[in-house]
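Chain residues, written in single-letter form:
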Amino acid sequence: MKISDLRPAPGSSKKPKRVGRGDGSGHGKTSCRGHKGQGARAGGGTRPGFEGGQMPLQRRVPKRGFHNPFKVAMAVVNLDQLENFPPASEITPDNLAEHGLVRGKNRRVKILGDGSLSKALTVRAHGFSAKAREKIEACGGKVELIAVHA
């Protein structure tokens, strides 16, 4: 087989509509745009969301809620996800990123208490739920809070 033998599968590609190529083509004269009007003009047509002068949906629906510009996004890791680490290992946000449990650079990490832990681990993170802290310390592990400088 040569590269010149390659063809698309039958029916997978469609020829583009060629407009403005004479009346005999069936797409001549007005080029499928009809007579006059906004849609027939170059650059004609309405912007997205325009409803012909009626108040658009985006403006009819009331504004709601509040966007907190100071919100800090936390990556969440549950205790059952820490079970894959070897016993007595130190777990840091960098370790979690290497194992694919946290995505993004410089993400703050919070450990939650879903699942169970059967080994002593030293866990360093930006936040812990009360249940997670309790379960880690019950296994003989240590909890270290990472200080964040604003």
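Everything discussed here concerns the structure shown above.
Because the structure is a prediction, the values reported are computed rather than measured.

Draft legend 1. Quick peek at the overall build of the chain. From N to C terminus, the chain includes four helices and six strands. Traced from its N-terminal end to its C-terminal end, the chain shows the element sequence α-β-α-β-α-β-β-β-α-β. Here the chain has a C-alpha radius of gyration of 31 Å; the compact-globule value for 150 residues is 15 Å, and the former is much larger. Each of the 150 residues in the chain was classed as buried or not, and the buried ones make up 21%. Considering only residue pairs separated by 6 or more positions, the chain has 43% of its internal contacts joining residues 24 or more positions apart. Of the roughly 12,000 Å² of accessible surface on the chain, 51% is carried by carbon and sulfur atoms.

Draft legend 2. Representation of the side chain of histidine 126 within the structure. Counting through the fold element by element, histidine 126 comes out in the loop between strand 4 (122-125) and strand 5 (127-128). Separated by 2.9 Å, the side chain of histidine 126 and the backbone nitrogen of valine 109 make a polar contact. With near-sequence residues (within four places) excluded, histidine 126 lies in contact with Met74, Pro93, Arg107, Arg108, Val109, Leu145, Ile146 and Val148.

Draft legend 3. The arrangement of the nonpolar core in detail. Among the nonpolar cores identified, the biggest contains 18 residues, and Leu82, Leu96, Ile111, Val123 and Ile136 are the most heavily contacted of them. At the level of elements, strand 1 (74-78), helix 2 (79-82), strand 3 (108-112), strand 4 and helix 4 (130-138) are the ones that each hand at least two residues to this core. If sequence neighbours within four positions are ignored, isoleucine 111 has contacts with Val77, Leu79, Leu82, Val123, Ala125, Gly127, Phe128, Ser129, Ala132 and Ile136.

Draft legend 4. Spatial organisation of the pattern of salt bridges. Enumeration according to the criterion identifies three salt bridges in this entry. We note a salt bridge from arginine 124 to glutamate 144, for which the minimum N-O separation is 3.1 Å. On the criterion of sequence distance, the pair formed by arginine 124 in strand 4 and glutamate 144 in strand 6 (residues 142-145) is long-range, its members being 20 residues apart. Residue classification places arginine 124 among the partly exposed residues on the basis of a relative accessible area of 30%.

Draft legend 5. Inspection of the side chain of serine 89 at higher detail. Looking at where serine 89 falls in the secondary structure, it is placed in the loop between helix 2 and strand 2 (90-91). For serine 89, the side chain forms a polar contact with the main-chain oxygen of proline 86, separated by 2.8 Å. Look past the residues within four positions of serine 89 in its chain and what remains in contact with it is Ala120, Leu121 and Thr122.

Draft legend 6. Region of the structure containing the sheet that holds strand 6. Strand order across the open sheet formed by three strands is 2-4-6, with parallel pairing between neighbours. The sheet is open, and its two borders are formed by strand 2 and strand 6, each paired with just one other strand. Alignment of strand 2 against strand 4, held across two bridges, turns out to be parallel. Counted as the bridge partner of glutamate 90 is threonine 122 from strand 4. Relative to strand 6, helix 4 is tilted by about 140 degrees, and along the sheet it contacts strand 4 and strand 6.

Draft legend 7. Local environment of the sheet that holds strand 3. Taken in spatial order, the three strands line up as 1-3-5 in an open sheet, and their pairing is parallel. The open sheet terminates on both sides in strands that have one partner only, identified here as strand 1 and strand 5. Of the strand pairs in this sheet, strand 1 and strand 3 are connected by five bridges, and their pairing is parallel. Residue alanine 75 lies in a different strand from strand 3, and its bridge partner there is valine 109.

Draft legend 8. Representation of a nonpolar patch on the surface within the structure. A grouping of Met1, Ile3 and Leu6 is seen on the molecular surface, where their side chains present a nonpolar patch of about 430 Å² in accessible area. Relative to the helices and strands, methionine 1 is located in the segment before helix 1 (57-60).

Thresholds applied
The written sequence of each chain sets the order in which its residues are numbered from 1. With pLDDT at 70 or above as the cut-off, local features in this predicted model cover only qualifying residues; side-chain atom pairs require 80 or more to be listed or tallied, and sums for whole chains, interfaces and linings still use all residues. With hydrogens and water stripped out, all remaining heavy atoms of the structure feed into the side-chain values. Helix and strand labels come from DSSP, where a helix needs a run of H or I of at least four residues and a strand needs a run of E of at least two; each type is numbered from the N terminus. Throughout, the radius of gyration refers to the C-alpha atoms, and the reference size of a globule is 2.2 Å times the residue count to the power 0.38. To sort residues, take the accessible area from a 1.4 Å probe on protein chains only and compare it with the maximum for the residue type: under 20% means buried, over 50% means exposed, and anything in between is partly exposed. Residue contacts follow a heavy-atom distance rule, with two residues in contact if any of their heavy atoms lie within 4.5 Å. We get accessible surface area from the Shrake-Rupley algorithm with a probe of 1.4 Å; when it comes to residues, only the shown protein chains can shield them. The term polar contact refers here to a pair of N or O atoms within 3.5 Å; inside protein, the definition further demands a hydrogen-donor-capable atom paired with an acceptor-capable atom, and it admits residues adjacent in sequence only when both atoms are side-chain atoms. As used here, the term nonpolar core means buried Ala, Val, Leu, Ile, Met, Phe, Trp, Tyr and Cys residues forming a set that is joined through side-chain atoms within 4.5 Å. Only one rule defines a salt bridge in this text: a Lys or Arg side-chain nitrogen within 4 Å of an Asp or Glu carboxyl oxygen. When DSSP locates at least two bridges between a pair of strands, those strands are taken to pair. In this analysis an axis means a line fitted to C-alpha atoms, helices contributing only their contacting stretch, and an angle means the value between N-to-C directions, from 0 to 180 degrees. In this scheme, patches are assembled from residues that exceed 30% relative accessible area and form no salt bridge. Like charges are connected within 9 Å, while nonpolar side chains (Val, Leu, Ile, Met, Phe, Trp, Tyr) are connected within 5 Å.

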